[in-house]
Structure formats: C-alpha cells, structure tokens
Amino acid sequence: MNTKLEQDIRAQLFALQDLKYRDFHAKLVPTVEKDCYIGVRTPVLRKFAKVFSKQPEAMEFLETLPHKYIEENNLHAFLIETFKDFDTALIYTEKFLPYIDNWATCDLFSPKLFKKHPNEVYEKIKLWLKSSHTYTVRYGIVSLLANYLDSEFRPEMLDLVADIRSEEYYINMAIAWYFSIALIKQYDHALPYLKNKRLDKWVHNKAIQKAVESYRIPLETKQYLKSLKEK
C-alpha cells in the first residue's frame, strides 16, 4: 500500500465485494492467487469506473502500477476505455499491457476508440504479437479476433497468428480461439491453415473443437472439420 488514493480506492472496492462471486471467479483464473481477488462483479466495476473516471484522481490511479488486486487491474483497463483521445488511450494501453497477469483482464479490455483507428492499432498489434510477455501476445491475438475478422480483415493476419509458437497455454488457447472464429467468419481463407497443418497439433485440434462447438457452422462443415483432426 503506497498512497492514500490506493487505500481509498481499495476501501471502495471492498465495499462492493461479493464473496460468492470471488470464490467462483477465482477458480476460473488460476494464474491469480485467491487473496488477490476482492470479488466485484464486472458490471458493478464498470459502473464504478465510469463515475471514477470523471474525478481528477483517476489519472493518478493510472500511474500507480503495479496493482495488487485483479479488480484494480480491471478498473485500470476500464478507465483507459473511457478516454476520448486515441493517442492517450494507446499510450496508456502500452504502459498497462506488461502488467496484465491473467486472461480475464486481458480479454475484457477493449477500448472502443481502437475500432475507429484500425490501421494505427494494427501496426501496434504486429509488435504486441512479438512480445515476450504472455498477455501482451494474447492481447494482440484477441484484438485481431474482436476487430479484424470482418470488414478490416486482411489474409496476412492469419499468417501472423499461425506463425506464433509458444509453450504458454493462454497464448495457444487464444490462437485456437482465433482460428475457430476465423473458420466462422473467413472460412475460405482460414481452412487452408488446417488442411496444410500450419498450426501446432494441440492448437490445430483445439481450433477444430471450438469451431465444431459453434452453432454458426453448418453440420456438414462440422463433419468435414472433424475429419481434419490430427491423431
């Protein structure tokens, strides 16, 4: 505990605590110690962030990295999402990424401003994918999944993700997730990556599994995808 602001914010977050939610969510994110959970539900935390973002102390809070609790990290992400200036949002995003230590914070952090600047963000994503930090790489993959599989899609993006090689479970799961959605949204472009076995075996099979579980893929296509599974 370093500052009075941190103490005040922490006290407010503990006032919003839901112990049952804490116990439930802690099981879903095993990379974070249980004593680093307060137990604040995401909609409640987003509402808190919206109010707090209007206070001058919000910018001071964004300079207090690292945080102890996952809710403090999530609050940090939600505050960045409230920025109206793209350059500021990007600067604070890049400062924050090395401190993300779990898939939940990584995946819920998505500034809407980034969708309005796809080219600039894409240039950053290409750098994030080369990071040595697990959740910076995952953030790059999830950003491509969320914002670049529709009108902003470029076939080269599939190469960027397919070329990633990692021993990290949360990176490999993100690659599989990305390709499962690519099979839904960009089937003709994504299919050759499975037919030509461009992915690691585990990622390859997990991508097929997740695609087959989707209601957005026709039954006959699911049967074909199952035939591509590696033994």
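The coordinates are above.
Owing to the predicted nature of the structure, the values given are computational and were not obtained by experimental measurement. (Residues numbered from 1 in each chain as written. Predicted model: local features only at pLDDT ≥ 70, side-chain atom pairs only at ≥ 80, totals over all residues. Heavy atoms only, no water.)

### Some details on the layout of surface pockets
- Empty space within the largest pocket amounts to approximately 450 Å³.
- Taken together, 16 residues form the lining of the largest pocket, with Phe78, Glu81, Thr82, Phe83 and Lys112 sitting closest to its centre.
- Ranked by residue count, the leading element in the lining of the largest pocket is helix α3 (residues 42–52), at 4 residues.
- By residue class, the composition of the lining of the largest pocket is 5 nonpolar, 3 polar and 8 charged. (1 Å grid on protein atoms, 1.4 Å probe; cavity = no way out; pocket = protein on both sides within 12 Å on 5 of 7 lines; lining within 4 Å. Points joined across faces, edges and corners; volume = space filled by probe spheres on them. Helix = DSSP H or I, 4+ residues; strand = E, 2+ residues; numbered from the N terminus. Nonpolar A, V, L, I, M, F, W, Y, C, P; charged D, E, K, R; others polar.)

### What about the packing of aromatic side chains?
- In the structure shown here, the tally under the stated rule is 14 aromatic pairs.
- The interplanar angle of 80° and the centroid separation of 5.7 Å between the aromatic rings of phenylalanine 96 and phenylalanine 109 together place this pair among those described as edge-to-face. With phenylalanine 96 in helix α6 (residues 86–96) and phenylalanine 109 in the loop between α7 (103–108) and α8 (118–128), the pair connects residues that are 13 residues apart, well separated along the chain.
- Judged by relative accessible area, which is 0%, phenylalanine 96 ranks as buried.
- Relative to tyrosine 170, the ring of tyrosine 169 has its centre 5.0 Å away and its plane inclined at 90°; by these criteria the two rings are edge-to-face.
- Grouped by ring-pair contacts, the aromatic residues Phe96, Phe109, Trp128 and Tyr139 constitute a single cluster.
- Positioned over the ring face of tyrosine 92 is lysine 95, at 4.8 Å from the centre of the ring. (Phe/Tyr/Trp six-rings, centres within 6.5 Å; stacked < 30°, edge-to-face > 60°. Buried < 20%, exposed > 50% of the residue type's maximum accessible area, 1.4 Å probe, protein only. Lys NZ or Arg CZ within 6 Å of the ring centre and 35° of its normal.)

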